[in-house]
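Architecture at a glance
Chain residues, written in single-letter form:
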Amino acid sequence: MVTAGTGGIGLETAKGLAHHGYAVTVVGRNPERGASAVREIAESARGGTPRFVAADLASLDDVRALAARLAAEGPLGVLVNNVGAMFAERQRTVEGIEASFAVNHLSPYLLTELLLDRLRADAPSRIVNVTSAAVRAAKRDFDAVEPPGGYYGFHRYGRAKLANLAYTLHLAERLRDTGVSVFAADPGGAATGMTDGTMTSPKIVSPPLRLLWPLVRRVFERSTSGSASTAARSSVFAATDVSLDGRTGLVIGSEARPVPLFRGAADPRIAENVLRLSRELAPTGEDHDARRV
């Protein structure tokens, strides 16, 4: 299953999995794009028939409904949390949560947690969380959903991706020897809807970087000039390659091979704060039911 799989890197990832013989489910908001994606994926398919499931991954209630459906239908051998978004202006989800943190971390966190029993039951299985080099520009303060200071989209995106990377590494250790392998995949740069739109605005970076915007923008343009199909290689490798059998907790770089971990993501204090915040904002099971009452 590939979230945000109806276009860009997600669609290319889905096509790669289909080529490896997987019956792929792609998740997205738009049924028309979903139908188009399914037709395109089917051309690469060497296994089961691809399908589309509609869900708004910015809504935690939609994520819960999606997880319940997938867990009931099964089996599930690969979960690729590809969803990601950057916002030039501060936005909030239907639950009132800052959107960058919700979409880039809480959504994949909650979906993964709710599907763990299914993934264990269908082991050997793999979880692939898509990360970003933007983690290196992130504040490492996770005492609250929003850090102190102003809102700058690129930095908030990097912070949310750092939270998810810290969770990914923690989850890998938590699931070690269960038959469920956990990887992060860094696609590198690619020309997508996000890079063609949001990343053209100087509002996404802090004021000191805005003074250097022509230079910063050229750096962004060079780093996002690759194709989506090339950027998908890391996720497809993480999801399918036999050299990763029995391994876990690795970051797969844009060249489709393991790369050194970003040291900040392995800080146990960051993982502890991220997990506390995630459980508060996106409770599962009885905790969620109690909050609704």
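Use the structure listed above.
Residues numbered from 1 in each chain as written. Predicted model: local features only at pLDDT ≥ 70, side-chain atom pairs only at ≥ 80, totals over all residues. Heavy atoms only, no water.

**Concerning the overall build of the chain**
Where we set the bar: For helices the rule is a DSSP run of H or I covering at least 4 residues; for strands it is a run of E covering at least 2, with both sets numbered from the N terminus onward. Each residue's exposure class comes from its accessible area (1.4 Å probe, protein chains only) as a fraction of the maximum for that residue type: buried when under 20%, exposed when over 50%, partly exposed otherwise. We call two residues in contact when some of their heavy atoms are within 4.5 Å.
Counting its regular elements, the chain contains 12 helices and eight strands. Here the chain holds 293 residues, and the buried ones make up 53% of them. Residue pairs in contact within the chain that sit at least 24 positions apart in sequence constitute 73% of those at least 6 positions apart.

**Re the nonpolar core**
The nonpolar side chains of a soluble globular protein tend to be buried, and buried together. Stated precisely, the cut-off is as follows: Among the buried residues, those of types Ala, Val, Leu, Ile, Met, Phe, Trp, Tyr and Cys that are joined through side-chain atoms within 4.5 Å form a nonpolar core.
With 54 residues, the main nonpolar core has Leu66, Phe101, Leu111, Leu115, Leu119 and Ile127 as its most contacted residues. Tallying contributions element by element places helix α4 (residues 99-121) first for this core, with 11 residues. Filtering out sequence-adjacent residues up to four positions away, Leu111 remains in contact with Met1, Thr3, Val63, Leu66, Ala67, Leu79 and Asn81. In this structure, Val78, Val80, Phe183 and Leu244 belong to the second largest nonpolar core, which totals 22 residues.

**Description of the pairing of strand β3 (residues 51-54)**
Rules: DSSP-based pairing: two strands are paired if at least 2 bridges between them are found. Assignment of crossover handedness uses the view with strands pointing away from the viewer, where a clockwise path from the first strand over the helix to the second indicates a right-handed crossover.
One ladder, built from four bridges, connects strand β2 (residues 25-28) with β3; its direction is parallel. Bridge pairing links Val27 to Val53 in β3. Viewed along the sheet, the connection from β2 through helix α2 (residues 31-44) into β3 turns out right-handed.

**With respect to the environment of Glu173**
Mapped onto the secondary structure, Glu173 falls in helix α5 (residues 153-174). Remark: the alpha-carbon pair of Glu173 and Thr248, spanning 75 residues in sequence, is separated by 7.9 Å.

**Considering the pattern of salt bridges**
Worth spelling out the cut-off: The term salt bridge refers to a pairing of a side-chain nitrogen on Lys or Arg with a carboxyl oxygen on Asp or Glu at a separation within 4 Å.
The full count for this structure, using the stated rule, is 16 salt bridges. The residue Arg51 makes a salt bridge to Glu73 at a minimum N-O spacing of 2.6 Å. A residue pair is termed long-range when its members are at least 10 positions apart, and Arg51 in strand β3 and Glu73 in helix α3 (residues 60-73) qualify at 22 residues. The partly exposed category is assigned to Arg51, whose relative accessible area is 29%. Across the pair Arg174 and Glu113 runs a salt bridge whose closest N-O atoms are separated by 2.9 Å. Here Glu113 lies in helix α4 and Arg174 lies in helix α5, a separation of 61 residues in the sequence. Taking the relative accessible area as the measure of exposure, Arg174 reaches 36% and is therefore partly exposed. Through salt bridges with shared partners, a single ionic network connects Arg90, Arg92, Glu146 and Arg156.

**Topic: the packing of α4 against helix α11 (residues 268-281)**
Relative orientation and spacing of two packed helices are given, respectively, by the angle between their axes and the distance between those axes. The condition is simple: Inter-axis angles, ranging from 0 to 180 degrees, are taken between N-to-C directions of lines fitted to C-alpha atoms, where helices are fitted over the stretch in contact. Should an angle lie under 35 degrees it is considered roughly parallel, over 145 roughly antiparallel, and from 65 to 115 roughly perpendicular; all remaining angles are considered oblique. Each residue is assigned to one of three groups, with Ala, Val, Leu, Ile, Met, Phe, Trp, Tyr, Cys and Pro labelled nonpolar, Asp, Glu, Lys and Arg labelled charged, and all others, Gly among them, labelled polar.
Between α4 and α11, whose axes approach to 10 Å, the crossing angle comes to 85°. Taken together, α4 and α11 sit at an angle that is classed as roughly perpendicular. The residues of α11 that touch α4, namely those facing Phe101, His105, Leu106 and Tyr109, are Val274, Leu277, Ser278, Arg279 and Leu281. Across the contact of α4 with α11, the residue classes break down as six nonpolar, two polar and one charged.

**Looking at the packing of helix α1 (residues 8-19) against α2**
Rules: Crossings are sorted by hand: turned counterclockwise from the far helix by less than a right angle, the near helix makes the crossing left-handed, and turned clockwise it makes it right-handed.
Between α1 and α2, whose axes approach to 8 Å, the crossing angle comes to 35°. Here α1 runs over α2; the crossing is right-handed. Contacts from Leu11, Glu12, Ala14, Lys15, Ala18 and His19 of α1 reach α2 at Ala37, Glu40, Ile41 and Ser44. The residue inventory of the contact of α1 with α2, partitioned by class, reads five nonpolar, two polar and three charged.

**A closer look at the side chain of Thr93**
Tracing the sequence through the fold places Thr93 in the loop between β4 (78-81) and α4. If sequence neighbours within four positions are ignored, Thr93 has contacts with Ala58, Ala99 and Ala102.

**Quick word on α2**
Because the α-helix completes a turn every 3.6 residues, residues three or four places apart line up on one side. Rule in force here: Expected helix span is taken as 1.5 Å per residue step, with the number of steps being one fewer than the number of residues. Each C-beta atom gives one direction from the helix axis, and the arc is the one those directions make. Pairs of N or O atoms within 3.5 Å make up the polar contacts considered here, provided that, within protein, one atom can donate a hydrogen while the other can accept it, and that residues adjacent in sequence are counted only when both atoms are side-chain atoms.
Across its 14 residues, α2 extends 20 Å between first and last C-alpha, which sits within 8% of the 20 Å expected from 1.5 Å per residue. For α2, the complete set of buried residues consists of Gly34, Ala37, Val38 and Ile41. The buried residues of α2 occupy an angular sector of 105° when projected down its axis, which confines them to one face. Projecting away from the buried face of α2 at angles above 90 degrees are the exposed residues Glu32, Arg39 and Glu43. For α2, the capping residue at the N-terminal end is Asn30, with a side-chain oxygen 2.8 Å from the backbone nitrogen of Glu32.

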